Amino acid sequence: MVTGGKDNANYIEKVRKELGRSRTKEFSAHNSKAHCVSWNCTGKYIASGSLDKTAIVQSFKEERLSREFSLKGHEDVVDQIAWHPSDPNMLSTVSTDKTLRLWDIRTPQKTVACITTKGEVINMTWKSDGSTIALGNKDDLVCFVDYKTHKIIADKQFDFEVNEIGWNNTDEHFYLTSGNGSIHITAYPSLEPLLQIPAHTAHCICLKFSPDKQHFATGGADALINIWDALELSYLTSYSRLEWPVRTLSFNHDGRLLAAGSEDLVIDIAFVETGEKVATVSCNAFPFCVAWHPSQNLLAYVTDDKSKHNEKHSRDSDKTTGCVKLFGL
């Protein structure tokens, strides 16, 4: 939503004060470093995946995370995790064991389904109606899994490097970020190419839509973050405060803040309409994944265990292996 200058200034001032008073808390989750983190649609639960081959579900209440379930079954690293868009109990995970698993946290001791994937999946996303899960693998093959039947219903091999993927605001178009720095827009479900938008001077790595899907953001190996109007497919703003390739993005609940992480030891939080810096979150190691709470300005993130940049940070990070961190408390 584009708003006026006075409203923008008031919003930025309010959020700066709110986040300026905030602190970060760490909550133990895994025995090895965590790779991914995701809130469910209500914000009552948060899930993380790890090198320890598990997904951990924790409940959020009274500014604390409390461990509820350990989801076991994968035979290798849990690399991606995502909740159903509207069912707060359903969760999907993918692993380097080349499987997609579906879970119902009301019966966490067993999987709802285990689907063998075509290759090692590096990106996963849900269609907004919850009917389909899209998977992108290391060999640039994108598969679509029907949520009800647990079957792969379509796949397509692309002739360019495919990074993050996602549906647009109407679910009629499917977006792919690419190794040539472009955003490729295809029709859905045919996946016929419609448009290619130059976005970055190096690999276009990550893609995120705002909750209302009015905007989307891309991050690249050029350390740039670009914000776009999703309805007009027009460029809005660009900024670069990080020094390393941008690898993870997340919009907050009202779509007006964007968190971005790279191999820098900070998470950048920007005002979406202008790219203006609102806050930074200091990290003791680079963040793998960032995720805003669905209804409040609370940012979850997981990091590497060892910093490449600072020996002191490396020693400190050994004490917090596998933690989920919350900023905004």
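Sequence order sets the numbering: in each chain, residues are counted from 1 along the sequence as written. Selection of residues for local features in this predicted model requires a pLDDT of at least 70, selection of side-chain atom pairs for listing and counting requires 80 or more, and totals for whole chains, interfaces and linings are taken over all residues. Only hydrogens and water are set aside when side-chain values are computed; all heavy atoms of the structure are taken into account.

## Examining the sheet that holds strand β28 (residues 323-327)
Ordered in space as β1-β28-β27-β26, the four strands form an open sheet in which the pairing is antiparallel. A strand with exactly one partner marks an edge of an open sheet, and here the two such strands are β1 (24-28) and β26 (287-292). The sheet shows a mean angle of 25° between the axes of neighbouring strands, direction not considered. Bridge count for β26 against strand β27 (residues 299-303) is five bridges, and the pairing is antiparallel. The partner of P287 across the bridge, within β27, is T303. Two strands are said to pair when DSSP picks up at least two bridges between them. Under the scheme used here, helices are H or I runs from DSSP no shorter than 4 residues and strands are E runs no shorter than 2 residues, and both carry numbers assigned from the N terminus. A fitted line through C-alpha atoms serves as each axis, taken over the contacting stretch for helices, and the angle formed by two N-to-C directions is quoted from 0 to 180°.

## Section: the pairing of strand β22 (residues 248-251)
Burial here depends on accessible area, computed with a 1.4 Å probe over protein chains only, as a share of the maximum for the residue type. Under 20% is buried, over 50% is exposed, and the range in between is partly exposed. Neither face of β22 is exposed, since T248 and S250 on one face and L249 and F251 on the opposite face are all buried. Sheet topology places β22 next to strand β23 (residues 257-261); four bridges connect them, and they run antiparallel. Of the residues in β23, the one forming a bridge with L249 is A260.

## Things to note about the sheet that holds strand β15 (residues 173-178)
Taken in spatial order, the four strands line up as β14-β15-β16-β17 in an open sheet, and their pairing is antiparallel. One side of each edge strand has no neighbouring strand; the edge strands of this open sheet are β14 (162-167) and β17 (193-198). Here the strands of the sheet are splayed against their neighbours by 20° on average, with no regard to which way each runs. Bridge count between β15 and strand β16 (residues 182-187): five bridges; the pairing is antiparallel. Looking across to β16, one finds that T177 is bridged to I183.

## What to know about unusual backbone geometry
The residue after Y188, namely P189, is reached through a cis peptide bond having omega 15°. Counting through the fold element by element, P189 comes out in the loop between β16 and β17. Positive phi, close to 55°, is recorded for E62, a residue that is not glycine. Tracing the backbone through its elements, the reader meets E62 in the loop between β4 (55-61) and β5 (64-71). Given a relative accessible area of 69%, E62 falls into the exposed group. A positive phi angle, near 65°, is found at D171, a position not held by glycine. Turning to its location among the elements, D171 is positioned in the loop between β14 and β15.

## Quick notes on helix α1 (residues 5-20)
By this rule, a helix spans an expected 1.5 Å times one less than how many residues it contains. For α1, spanning 16 residues, the distance from its first C-alpha to its last is 22 Å, which sits close to the expected 22 Å at 1.5 Å a residue. Within α1 the residues assigned to the buried category are N8, Y11, I12, V15 and L19. Around the axis of α1, the buried residues are gathered within 100° of arc, so they sit on the same side. Away from its buried face by more than 90 degrees, α1 exposes K6, K14 and G20. The reported arc concerns the directions from the helix axis to the C-beta atoms and nothing else.

## Structural notes on the pairing of strand β7 (residues 90-95)
Summarising burial for β7: six of the six residues are buried, a large majority. Where burial is concerned, the two faces of β7 agree: the one with M90, S92 and V94 and the one with L91, T93 and S95 are both buried. Judged from the five bridges that link them, strand β6 (residues 78-83) and β7 form a sheet pairing that is antiparallel. Across the sheet, the residue bridging to A82 is S92, located in β7. Once β6 ends, the chain turns through six residues before running back antiparallel as β7. Pairing of β7 with strand β8 (residues 99-104), which is carried by six bridges, proceeds in the antiparallel orientation. Residue pairing across strands places S95 opposite T99, the latter belonging to β8. In textbook terms, the turn of a hairpin is the stretch between consecutive antiparallel strands, and for β7 and β8 this stretch comprises three residues, one of which, K98, has a positive phi near 65°.

## Describing the confidence of the model for the chain
Per-residue confidence from the prediction method is given by pLDDT, with values spanning 0 to 100. Chain-level pLDDT for the chain is 94 on average; 94% of the residues reach the 70-or-more range. Every residue pair with non-hydrogen atoms within 4.5 Å of one another is taken to be in contact. Low pLDDT, under 50, characterises residues 312-317; the predicted model gives this stretch eleven contacts beyond four residues in sequence or across chains.

## Describing the pattern of salt bridges
Between Lys or Arg on one side and Asp or Glu on the other, a salt bridge is scored when a side-chain nitrogen of the former is within 4 Å of a carboxyl oxygen of the latter. Inspection of every chain in the model, using the stated rule, returns twelve salt bridges. Salt-bridge contacts for K118 lead to D155; the nearest nitrogen and oxygen are separated by 2.5 Å. Note that K118 is positioned in the loop between β9 (113-116) and β10 (121-126) and D155 in strand β13 (residues 152-157), a separation of 37 residues in sequence. One salt bridge connects R256 with E273, and the closest N-O pair in it is separated by 3.9 Å. Separated by 17 residues along the polypeptide, R256 in the loop between β22 and β23 and E273 in the loop between β24 (266-271) and β25 (277-282) bring together distant segments of the chain. Per residue, the accessibility class of R256 equals that of E273, and both read buried. Taken together, the shared-partner salt bridges in this structure form one network comprising D7, R256 and E273.

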